[in-house]
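Close look at the chain arrangement
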Amino acid sequence: MGMAMAAVMGARLELREVAVDYGGVPAVAGVTLAIEPGRTLALVGPSGSGKSSVAQCPNRLIDLVAGARVRGTVRVDGRDVRDPGVDVIELRRQVGMLFQRPVVFPTTIARNLDLPLREHRLGDAATRRARAEQALRAVGLWEEVASRLERPAAALSGGQQQRLCLARALLLEPAVLLLDEPCSSLDPLAAAVVEEALQQLRGKVTMLLVTHSLAQAGRLADDVALLWPTERGGRLVELQPAAEFLARPRTPLAKAFVAGAAAG
Ligand SMILES: Nc1ncnc2c1ncn2[C@@H]1O[C@H](COP(=O)(O)OP(=O)(O)OP(=O)(O)O)[C@@H](O)[C@H]1O
Ligand SMILES: [Mg+2]
């Protein structure tokens, strides 16, 4: 999987008292956590606890949501993402994102990968093709699509589309990846293939992984953070190394959450 990004170790991602509300209705109530470079943190919690809201802050995607207001500070590699000097396009190159459903561009597989490289002026045509191949190999998709790069991306299976989206994020060599339930729209086999691609990225990129699967958190994450909904928005109730969180949750809410997940 020798991506050029192998040398990139990821950036530190830090959230300090991050609070989100929508039209004055609180969604997240002051979340503070840090992910060290190259580490993976799983964000878990009941539906509506604010996981997606938190995950949309580091790349400022939340700026596009009407009525959303963010307080507190998010730092990527020490830099406040809302600093007036921050170029949002460059920020979103540095902080890639994968959603629950793959969002492929309505064009060919090749152009899905070429467009972002061109937008960021990364290399001539031959270089861009080489980088696209590298990214497809890194997500285990090259063998499957090499002969049909000029076919529509939308014709790929859901799992292939999700890996294409991951490849598209990777070829910009992000330091941070935000993953909002990246496997939950996929069948178990496709989910396992995407998970394997993410497994390969551990240590190379900093990942914030929103997941409903504690089993997946156990396989992919170094640490687990549990959010819980309250009247004042989702609150961070526990943050532990993944193995500890799963085996010895400390707080009553975490104990209940882990026990509930174990009960299915
Ligand atoms: N665009 C929006 N406008 C208004 N309220 C929103 C918006 N997005 C989220 N919310 C509200 O904010 C709270 C947190 O939502 P969020 O989507 O962040 O939770 P979540 O933990 O990701 O939930 P799920 O597990 O269901 O995806 C919820 O009460 C939700 O209804
Ligand atoms: Mg969500």
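You'll find the structure just up there.
Since this is a predicted model, take the numbers as computed values, not measurements. (Residues numbered from 1 in each chain as written. Chains lettered and ligands numbered in written order. Predicted model: local features only at pLDDT ≥ 70, side-chain atom pairs only at ≥ 80, totals over all residues.)

**As for the site of ligand 1**
What surrounds ligand 1 is the set Tyr22, Ala27, Gly45, Ser47, Gly48, Ser49, Gly50, Lys51, Ser52, Ser53 and Val65. With three residues, the single largest contributor to the shell around ligand 1 is helix α1 (residues 51-55). In terms of residue class, the shell around ligand 1 is made up of three nonpolar, seven polar and one charged. (Near = placed C-beta within 6 Å. Helix = DSSP H or I, 4+ residues; strand = E, 2+ residues; numbered from the N terminus. Nonpolar A, V, L, I, M, F, W, Y, C, P; charged D, E, K, R; others polar.)

**Some details on the pairing of strand β9 (residues 223-228)**
Counting buried residues along β9, five of its six residues qualify, which places the element largely inside the surrounding structure. As paired strands, strand β3 (residues 40-44) and β9 are joined by four bridges and run parallel to one another. Bridging from a neighbouring strand, leucine 41 pairs with aspartate 223 of β9. The pairing of β9 with strand β10 (residues 235-241) spans six bridges and is classified as antiparallel. Its bridge partner lying in β10, leucine 227 is registered against leucine 236. The hairpin turn running from β9 into β10, its antiparallel successor, is six residues long, and glycine 233 in that turn takes a positive phi close to 105 degrees. (Buried ≥ 20, exposed ≤ 12 C-beta atoms within 10 Å, placed from the backbone. Pairing = 2+ DSSP bridges.)

**So, the nonpolar core**
Val18, Leu43, Ala167, Leu208 and Leu209 are the most contacted members of the largest nonpolar core, which has 75 residues in total. With six residues, the top contributor of residues to this core is helix α6 (residues 158-170). When residues no more than four places from it in sequence are discounted, the contact partners of leucine 209 are Thr40, Leu41, Ala42, Leu43, Leu179, Leu220 and Ala221. (Core = buried A, V, L, I, M, F, W, Y, C linked by C-beta atoms within 7 Å. Contact = placed C-beta atoms within 7 Å.)

**Some points on unusual backbone geometry**
The phi dihedral of glutamate 17 is positive, around 50 degrees, even though this residue is not glycine. For glutamate 17, a count of 11 C-beta atoms within 10 Å corresponds to the exposed category. Look at arginine 60: it is not a glycine, yet its phi comes out positive at around 60 degrees. Examined against the element boundaries, arginine 60 turns out to sit in the loop between α1 and β4 (68-76).

**Considerations on the packing of helix α3 (residues 109-119) against helix α4 (residues 125-138)**
Axes are the key here: two packed helices are described by the angle between their axes and the distance separating the axes. The contact between α3 and α4 brings their axes to 10 Å, and the two run at 120 degrees. When the axis of α3 is compared with that of α4, the two are oblique. Of the two elements, α3 crosses α4, and the hand of that crossing is right-handed. Between α3 and α4, the residues in contact are Ala110, Leu113, Asp114 and Leu117 and Arg128, Arg131, Ala132 and Ala135, respectively. Class assignment of the residues belonging to the contact of α3 with α4 gives a composition of five nonpolar, no polar and three charged. (Axes fitted to C-alpha atoms, helices over the stretch in contact; angles between N-to-C directions. Parallel < 35°, antiparallel > 145°, perpendicular 65-115°, else oblique. Left-handed = near helix turned anticlockwise from the far one by under 90°.)

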